[in-house]
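Residues per chain are reported as follows:
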Amino acid sequence: MKDEIKKIALLTSGGDAPGMNTCIRAVVRAGIYYNLEVYGIKRGYQGLIENDIQLMSSRSVSNIIQRGGTILKSARSKDFMLQSGMDAAYQNLKNKDIDALIVIGGDGTFTGANIFSNKFDIPIIGIPGTIDNDLNGTDATIGFDTATNTALDAIDKIRDTANSHNRLFFIEVMGRDSGYIAIKTGISGGAEAILIPEKKTTINELIAILDRGSKQKKSSSLVVIAEGGESGGVIDLAKKVEERFSYYDTRVTILGHLQRGGTPTCTDRVLASLLGVRAVEGLKEGKSNMMVGTINKKVVFTPFEKALKKKKTIDRELLRISKILSNN
Ligand code: F6P
């Protein structure tokens, strides 16, 4: 192990995700274990530009392992895209003799980190923290498991009322332009149809699925739709379907930001703890410009460029089984 890194800083950026706090705790405690000074940067890259940086201690991360959100707060900084913003950010790190950075976030966070690291030759390790699970180089991102369980709980509740009133529900879940939350919650919630950006379903196909269900006397139907799945959005789609298919009374539920909050699941806490420790160790081993993730239960470091290069593909097996299970 190389030992020249003495001070590291940590930030959370982009949309918050349950498990970010668990990961902050892991980075701080692993850093202290390896005799590093660990600084916390508030409000992501914006706080770095504005010098909102504080030394953290083991006690400053007590009792946050179970808390949703991020104690460091998060932001999507426009200033960091500018040369002046990056210069100020670098200067603030240098003024405190900070040698390396750990950033917890998603693709936007890593895009910024990649440019910054190349420009100023500062080692950066990224930890995938986003509910969307849209990054190559890891089977799951921190927050994805919690968000899917939160959404699933809501879908189960909607099923109760849908069934009582013989209704068709369109339920929109988050994911930006990824269908991962939709496919997982759709399968586990027993949805009649799952609409995702990775596999387009025409309105005729959707109506054929719903029609098949009504002919089999299904008393309700749920359609789970990824927010990036339909250009006009879920309300528009529900209207179009309602005009042509009136077997059920139709309702729409948009789950929205409730999917981002709440207590992280055991799976997310273990992932966040593992990746937090390995990120610190990766920096000490001399790794830079990489995201740490897990593939097939093994910790893997993937260069930012590769992690960001192409859109993560949806698991074909999930698509296949969802089709079989919604068929009758
Ligand atoms: O990336 C996480 C995410 O929750 C996406 O699923 C969603 O599209 C977006 O962030 C919402 O962003 P905001 O919180 O800025 O509305």
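Here is what the cut-offs are and how they apply
Residues numbered from 1 in each chain as written. Predicted model: local features only at pLDDT ≥ 70, side-chain atom pairs only at ≥ 80, totals over all residues. Heavy atoms only, no water. Phe/Tyr/Trp six-rings, centres within 6.5 Å; stacked < 30°, edge-to-face > 60°. Helix = DSSP H or I, 4+ residues; strand = E, 2+ residues; numbered from the N terminus. Buried < 20%, exposed > 50% of the residue type's maximum accessible area, 1.4 Å probe, protein only. Near = heavy atom within 4 Å. Polar contact = N/O pair within 3.5 Å; in protein donor to acceptor, adjacent residues only side chain to side chain. Areas by Shrake-Rupley, 256 points an atom, 1.4 Å probe, with all protein chains shown as cover. Domains from an automatic or database assignment. Pairing = 2+ DSSP bridges. Axes fitted to C-alpha atoms, helices over the stretch in contact; angles between N-to-C directions. Core = buried A, V, L, I, M, F, W, Y, C linked by side-chain atoms within 4.5 Å. Contact = heavy atoms within 4.5 Å. Buried area = accessible area lost by both parts, 1.4 Å probe. Salt bridge = Lys/Arg side-chain N within 4 Å of Asp/Glu carboxyl O. Nonpolar A, V, L, I, M, F, W, Y, C, P; charged D, E, K, R; others polar. Patch = residues over 30% accessible without salt bridge, like charges linked within 9 Å, V, L, I, M, F, W, Y side chains within 5 Å. Parallel < 35°, antiparallel > 145°, perpendicular 65-115°, else oblique. Left-handed = near helix turned anticlockwise from the far one by under 90°.

Engineer: Go over the packing of aromatic side chains with me, naming the residues and quoting the values.
Structural biologist: This structure, assessed with the given rule, holds nine aromatic pairs. Aromatic side chains Phe80 and Phe116 sit 5.3 Å apart centroid to centroid with 50° between the ring planes, which places their arrangement in the tilted category. A residue pair is termed long-range when its members are at least 10 positions apart, and Phe80 in the loop between strand S3 (53–55) and helix H3 (83–95) and Phe116 in helix H4 (residues 107–120) qualify at 36 residues. For Phe80, a relative accessible area of 3% translates into the label buried. Arranged with centres 4.8 Å apart and planes meeting at 90°, the rings of Tyr247 and Tyr248 form a pair that is edge-to-face.

Engineer: Let's hear about the site of the ligand: which residues, and what values?
Structural biologist: Around the ligand, the neighbouring residues are Arg76, Thr130, Ile131, Asp132, Met174, Gly175, Arg176, Glu227, His257 and Arg260. Glu227 is positioned with one of its side-chain polar atoms (N or O) 2.5 Å from an oxygen atom of the ligand. For the ligand, an oxygen atom lies 2.8 Å from a polar atom in the side chain of Arg260. In isolation the ligand has 400 Å² of accessible area, and contact with the protein removes 74% of it. The residue makeup of the shell around the ligand includes at least three contributed by each of domain 1 (7–143 + 264–309) and domain 2 (145–260).

Engineer: Help me get a handle on the sheet that holds strand S6 (residues 167–173), residues and values and all.
Structural biologist: The strand order S7-S8-S6-S9 describes an open sheet built from four strands, whose pairing is parallel. The open sheet has two free edges, formed respectively by strand S7 (193–195) and strand S9 (249–254), since each of these has just one partner strand. Averaged over all neighbouring strand pairs, the angle between strand axes comes to 15°, with direction disregarded. Alignment of S6 against strand S8 (residues 221–226), held across six bridges, turns out to be parallel. Each bridged residue has a counterpart across the sheet, and for Ile171 the counterpart in S8 is Val224.

Engineer: Describe in detail the nonpolar core, supporting the description with residues and values.
Structural biologist: Within the largest apolar cluster, 57 residues are counted, with the highest numbers of intra-cluster contacts made by Ile8, Leu10, Ile24, Ile102, Ile127 and Val280. Here this core gets seven residues from one element, more than from any other, and that element is helix H5 (residues 144–165). Ignoring sequence-local partners within four residues, the contact set of Val280 consists of Ile8, Val27, Ala30, Gly31, Tyr34, Leu36 and Ile102.

Engineer: An account of unusual backbone geometry is requested, with residue identities and associated values reported.
Structural biologist: In this structure, Asn63 takes a positive phi of about 60° despite not being glycine. Tracing the backbone through its elements, the reader meets Asn63 in the loop between S3 and H3. Although it is not a glycine, Asn289 adopts a positive phi angle of roughly 60°.

Engineer: So what's going on with the domain arrangement of the chain? Residues and values would help.
Structural biologist: Domains assigned within the chain are domain 1 (7–143 + 264–309) and domain 2 (145–260). Here domain 1 and domain 2 have C-alpha centroids that lie 34 Å from each other. Taken residue by residue, the interface counts 14 residues in domain 1 and 12 residues in domain 2. At the boundary of domain 1 with domain 2, total buried surface from both sides reaches about 1100 Å², with 48% on carbon and sulfur atoms. If you sort the residues of domain 1 by the area they bury against domain 2, Ile131, Asp132 and Thr265 come out on top, with a joint share of 42%. For the pair domain 1 and domain 2, the number of links is one salt bridge. Joining domain 1 to domain 2, the criterion identifies nine residue pairs in polar contact (both at pLDDT 80 or more). Partitioning the side of domain 1 that touches domain 2 into residue classes produces four nonpolar, five polar and five charged.

Engineer: For the sheet that holds strand S10 (residues 290–295), give the residues involved together with the corresponding values.
Structural biologist: The strand order across the open sheet built from seven strands is S3-S2-S1-S4-S5-S10-S11, with neighbouring strands paired in mixed fashion. Where the open sheet ends on each side, the last strands, each with one partner, are S3 and strand S11 (298–303). On average, adjacent strands in this sheet sit at an angle of 30° to one another, irrespective of strand direction. Bridging between strand S1 (residues 7–12) and strand S2 (residues 37–41) involves four bridges; their strand directions are parallel. Bridge pairing in S2 places Leu10 opposite Gly40. Strands strand S4 (100–105), strand S5 (124–128) and S10 of the sheet are contacted by H4, whose axis makes an angle of about 165° with S4.

Engineer: Hey, could you go over a nonpolar patch on the surface for me, with residue numbers and the actual values?
Structural biologist: A cluster of nonpolar side chains, contributed by Ile235, Val252 and Ile254, occupies part of the molecular surface with about 240 Å² of accessible area. Within the secondary structure layout, Val252 lies in strand S9. The class of Val252 is partly exposed, set by a relative accessible area of 33%.

Engineer: Could you give me a rundown of the packing of H5 against helix H6 (residues 180–188), with the residues and numbers involved?
Structural biologist: For any two helices packed against each other, one specifies the crossing angle of their axes together with the interaxial distance. Look at H5 against H6: their axes get within 9 Å of each other, and the N-to-C directions meet at 45°. In terms of axis orientation, H5 runs oblique to H6. Judged by the sense of rotation from one axis to the other, the crossing of H5 with H6 is right-handed. Along the contact surface, H5 presents Phe144, Thr148, Ala151, Leu152 and Ile155, while H6 presents Tyr180, Ile181, Lys184, Thr185 and Ser188. Split into classes, the residues belonging to the contact of H5 with H6 amount to six nonpolar, three polar and one charged.

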